[in-house]
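Residue-level structure breakdown
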Amino acid sequence: MAVSLFLSFTDYNMLQAPDWVGFDNYARMESDPRFLKALEVTFTYVLLGVPLQLLTAFSLALFLNRGLKGLPLFRAIFYIPSILGPSVAVAILWRQMFGLEGIFNELLSIFNIAPKSWVADPSTSLYTLITLLVWQFGSPMIIFLAGLKQIPETLYEAAAIDGAGPFRRFWNITLPSLTPIIFFNLVMQIINAFQAFTPAYIVGGGQGGAIDSTLFYTLYLYIKAFTEFKMGYASALAWVLLVICGVFTWLLFLSSRKWVHYES
Amino acid sequence: MSRVYAANKGASVIKTVIAVIASAVMLYPLLWMLASSFKPQHLIFQDLSLWPDVFTLENYINGWNGFTNLTFGTFFKNSFIVVLFCIIGNLLTCSMAAYAFARLEFTARNFWFALMFGSLLLPHHVVLIPQYILFDSLDWINTYMPLIVPKFLASDAFFIFLMVQFIRGLPLELDQAAKVDGCGHIQIYGRIIVPLLLPAIVTTSIFTLIWTWNDFFSQLIYISDPRKLTVALALRSFMDTMGQSSMGSLFAMSILSLVPIFIFFLVFQRWLIEGIATYGVKG
């Protein structure tokens, strides 16, 4: 880590010795349009994708939790995308599905919507990747389900006797009991989403897609470090990512005192 | 009473129907890819059906033949080698590190533990470039060493954490009894802890397999020699060189690349889901 910090203050291409440039790398980011675009893309992906994913996971967990036969089977089925989803194979599938000749257009043609390439159009390409993220809601869902099982039945019975309806029971029992789990899922998924790489690489063909609309932060870092061999600048990028993730985690922990409810 | 029961039963049927529909929507893309891999090339596009009207193995035969005289057999072998060594590395060194954290007294233990825990939450991209420079100076580019060696240095904090939690749950009396019988730390670790650690060992192996198999980023950085490509990298190259005209073969190989983890999922499904539910693995 120290080496990385040192490199972030240098200009280094792996051929000549690192050249000390002070804060130049950091200062340069401000006027680097691709860096700013990467930030915008990544923040949209994280701030839109993660809440949507967790909301899906949460609603399905609530839905599956009670009065359903064959829960283990459905749980396993919903988990499949989480396992296979991060692979190159699924990224290829997504690229094909939302491409010009993809089945998504086939589906839309039933409703008379004109075909277009959803992955090549810069106004929609990022949303195809967000869909891919939301599709992988299985693992947070399983964590929610485990949390729901922990809530003692007696709480609900007591509340029912006191005349609390389903909505109040959800609001006053289910939700507060699950806040530690919501918090955990939020932290894990946000950190993961900041580091997403494979789908952006495959869908954008190793670049950032049309006018960099899918230029994820890690993809930009990869391009700087391993196709342009600007190791100094890339190290600086890595440190900025570290700080962003650190600040996010810190803010979440800080806010957690206000809304996360711990037993005892 | 019977009316309530009937109402519950009705609700349960509706719920099941909704769950089945939701599952179908979720799985549709994967099933479509599976079906398409058996369709003749010209029928893949614009065909939403999940059943090939004309069944062919052509895509699999063409795809398996790969490119530049290398078959997918080579790529699968490469991936299996990497995965195998990563599992061995993780099991060996993470369990030792976990034993040390859980059972040994050493200076600043809490500090090191916090440091390890912190590394769980922070992106590993920060050490990526120094690591690359180091491996480059060791002439390890285009070998599997950069992928495997870190696993032998207990670099996966997540698994250490998982095992520490597990070992802390084991009764200390066992260690003390072994000590009385004259066992040193190595024997306590080898004879008492490791056998009892089995559930954590299985969980670690499964997740190492899935993560390594799905890994793309580090393999992309270190491996470019065609003969050494892993399945993930080979799919990427295949996609770049072939284009739309051989989508069928690309699909066929993508499906094959998912088969090993899918089989693992089927076999160890219960362990996996329990692992996530208990430790909150990211999947």
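Counting restarts for each chain, with residues numbered from 1 along the sequence as it is written. Labels are handed out in written order, letters beginning with A for the chains and numbers beginning with 1 for the ligands. Residues qualify for local features only when their pLDDT is at least 70, as the model is predicted, and side-chain atom pairs are given and counted only at 80 or more; totals for whole chains, interfaces and linings, by contrast, use all residues.

1. Quick notes on the environment of Trp94 of chain A
Residue and element names in this part refer to chain A. Helix and strand definitions follow DSSP, with helices as H or I runs of at least four residues and strands as E runs of at least two, each counted in order from the N terminus. As for its placement among the helices and strands, Trp94 is situated in helix α5 (residues 88–97). Here the alpha-carbon distance between Trp94 and Val203, two residues 109 residues apart in the chain, equals 7.7 Å. Discounting chain neighbours no more than four positions away, the residues touching Trp94 are Thr128, Leu132, Pro199 and Val203. Note on contacts: each residue gets a C-beta atom placed from the backbone, and two residues are in contact if those atoms are within 7 Å.

2. Overview of the nonpolar core
Working definition: the nonpolar core is a set of buried Ala, Val, Leu, Ile, Met, Phe, Trp, Tyr and Cys residues, joined through C-beta atoms within 7 Å. The burial criterion counts other C-beta atoms lying within 10 Å of a residue's C-beta, which is placed from the backbone; the residue is buried at 20 or more, exposed at 12 or fewer, and partly exposed between these limits. Core analysis: the biggest nonpolar cluster contains 113 residues, and Ile92, Met141, Phe144, Phe216 and Ala238 of chain A together with Leu235 of chain B have the highest contact counts within it. As annotated, the domain borders come from an automatic or database domain assignment. Two domains share this core, each providing at least three of its residues, namely domain 1 (2–56) and domain 2 (64–279) of chain B. Among all residues touching Met141 of chain A, those that are not within four sequence positions of it are Ala57, Leu60, Ala61 and Phe78 of chain A. In terms of nonpolar packing, the next biggest core, distinct from the first, is built from 23 residues, Cys94, Ala154, Ala157 and Ile167 of chain B among them.

3. Focus on the interface of chain A and chain B
Taken together, the contacts link 60 residues of chain A with 50 residues of chain B. Ranked by the residues each element gives to the side of chain A that touches chain B, the list is headed by helix α4 (residues 71–84) of chain A, at 11 residues. Residues are sorted three ways: Asp, Glu, Lys and Arg are charged, Ala, Val, Leu, Ile, Met, Phe, Trp, Tyr, Cys and Pro are nonpolar, and all the rest, Gly among them, are polar. Residues belonging to the side of chain A that touches chain B are distributed by class as follows: 42 nonpolar, 14 polar and four charged.

4. Quick notes on the domain arrangement of chain B
Residue and element names in this part refer to chain B. On domain assignment, one finds that chain B holds domain 1 (2–56) and domain 2 (64–279). A straight line from the C-alpha centre of domain 1 to that of domain 2 covers 34 Å. Domain 1 puts seven residues into the contact, and the matching count from domain 2 is six residues. Elements that contribute at least two residues to the side of domain 1 that touches domain 2 include exactly α1 (2–36) and α2 (41–44).

5. Quick look at the packing of helix α10 (residues 166–194) of chain A against helix α13 (residues 231–259) of chain A
Residues and elements named next belong to chain A. Fitting a line to C-alpha atoms yields each axis, with helices limited to the stretch in contact; the angle taken between N-to-C directions then spans 0 to 180 degrees. Following both chains from N to C, one finds α10 and α13 inclined at 170°, their axes separated by 11 Å at the closest point. With respect to α13, the axis of α10 lies roughly antiparallel. Contact residues: α10 offers Thr179, Phe183, Leu186, Val187, Ile190, Ile191 and Phe194, while α13 offers Leu241, Ile244, Cys245, Phe248, Thr249, Leu252, Ser256 and Trp259. Split into classes, the residues belonging to the contact of α10 with α13 amount to 12 nonpolar, three polar and no charged. Geometric relationships in this document are graded by angle, where less than 35 degrees denotes roughly parallel, more than 145 denotes roughly antiparallel, 65 to 115 denotes roughly perpendicular, and other angles denote oblique.

6. Regarding helix α3 (residues 33–65) of chain A
Across its 33 residues, α3 of chain A extends 47 Å between first and last C-alpha, which sits within 8% of the 48 Å expected from 1.5 Å per residue. Note on α3 of chain A: the residue one or two positions beyond its end, Gly67 of chain A, has a positive phi of about 55°. In a helix, the anticipated span is given by 1.5 Å times the number of residues less one.

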